[in-house]
Amino acid sequence: MVLQWQESLDGVDWAALSALYRATPMGEKAEADLATAFGNSRYCCFVYDDGRLIGVGRALADGIDCSYICDVAVHPSHQGAGIGKDIVARLVELSRGHKKIILYAVPGTEPFYRKLGFKRMATAMAIFRDQAQALERGLLDES
């Protein structure tokens, strides 16, 4: 398997990216929303296998203090091959020089990210548009 890696938005098929997220625990994300989110991200990583989008990730970063890695996804057909690890490693490398690199993870994936050097933050807080849904999905707790 020879993978093609891309860090620019040139030629990104937003419909294919939306389909990739539907195939993973990332769920439903509208094409226009993805184009906006990735367009506003400092670093992007797209992985293709024979022209088919099979992995992705992005980081919002300010160039000095904080880089926030999010939306890392690998198609189920390619999971377990180290692609997710390589996406995160590439985004971490692109983020070098920031005082902190923060990562937002889907509940249950924390052990994967721990293996890559991430530690749980004791002080992270959030406000979600749909607080009840975030509580239900395990993204928030009341403590």
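Higher on the page you've got the structure.
What counts and what doesn't
Residues numbered from 1 in each chain as written. Predicted model: local features only at pLDDT ≥ 70, side-chain atom pairs only at ≥ 80, totals over all residues. Heavy atoms only, no water. Buried < 20%, exposed > 50% of the residue type's maximum accessible area, 1.4 Å probe, protein only. Helix = DSSP H or I, 4+ residues; strand = E, 2+ residues; numbered from the N terminus. Pairing = 2+ DSSP bridges. Axes fitted to C-alpha atoms, helices over the stretch in contact; angles between N-to-C directions. Parallel < 35°, antiparallel > 145°, perpendicular 65-115°, else oblique. Contact = heavy atoms within 4.5 Å. Nonpolar A, V, L, I, M, F, W, Y, C, P; charged D, E, K, R; others polar. Salt bridge = Lys/Arg side-chain N within 4 Å of Asp/Glu carboxyl O.

### A few points about the pairing of strand E3 (residues 52-61)
When you tally the buried positions in E3, you get seven out of ten residues, the bulk of the element. Bridge count between strand E2 (residues 43-49) and E3: seven bridges; the pairing is antiparallel. Residue pairing in the sheet places Tyr48 in a bridge with Leu53 of E3. Bridge count between E3 and strand E4 (residues 66-74): six bridges; the pairing is antiparallel. Bridged to Ala59 within E4 is Ile69. Hairpin connection from E3 to E4: four residues lie between these consecutive antiparallel strands, with Gly63 at a positive phi of about 90°.

### Things to note about the packing of helix H1 (residues 14-22) against helix H2 (residues 31-39)
For the pair H1 and H2, the least separation of the axes is 9 Å and the interaxial angle reads 100°. Here H1 is positioned roughly perpendicular relative to H2, judged by the angle of their axes. Residue-level inspection shows Trp14, Ala15, Leu17, Ser18 and Tyr21 of H1 in contact with H2, the latter providing Glu31, Leu34, Ala35 and Phe38. Of the residues assigned to the contact of H1 with H2, the class counts are seven nonpolar, one polar and one charged.

### Examining the sheet that holds strand E1 (residues 3-6)
In space, the five strands of this open sheet follow the order E1-E2-E3-E4-E5, with mixed pairing throughout. A single partner strand is all that each edge strand has here, and the edge strands are E1 and strand E5 (100-103). For this sheet, the mean inter-axis angle between neighbouring strands, taken without regard to orientation, is 20°. This element, H1, spans E2, E3 and E4 of the sheet and lies at about 90° to E3. Here helix H3 (residues 83-95) sits on the sheet in contact with E1, E2, E3, E4 and E5, set at roughly 160° to E4.

### Concerning the pattern of salt bridges
Using the criterion set out here, one finds seven salt bridges in the structure. With a closest N to O distance of 3.7 Å, Arg22 and Glu28 form a salt bridge. The class of Arg22 is partly exposed, set by a relative accessible area of 45%. We classify Glu28 as exposed; its relative accessible area is 61%. Where Lys29 meets Asp71, a salt bridge forms, and the shortest distance between an N and an O atom there is 2.9 Å. Of this pair, Lys29 sits in the loop between H1 and H2 while Asp71 sits in strand E4; the two residues are 42 residues apart in sequence, bridging distant segments of the chain. Here Lys29 falls in the partly exposed class, since its relative accessible area comes to 23%. Exposure remark for Asp71: the relative accessible area of 9% places this residue in the buried category.

That's the geometry; what it means functionally is another story.
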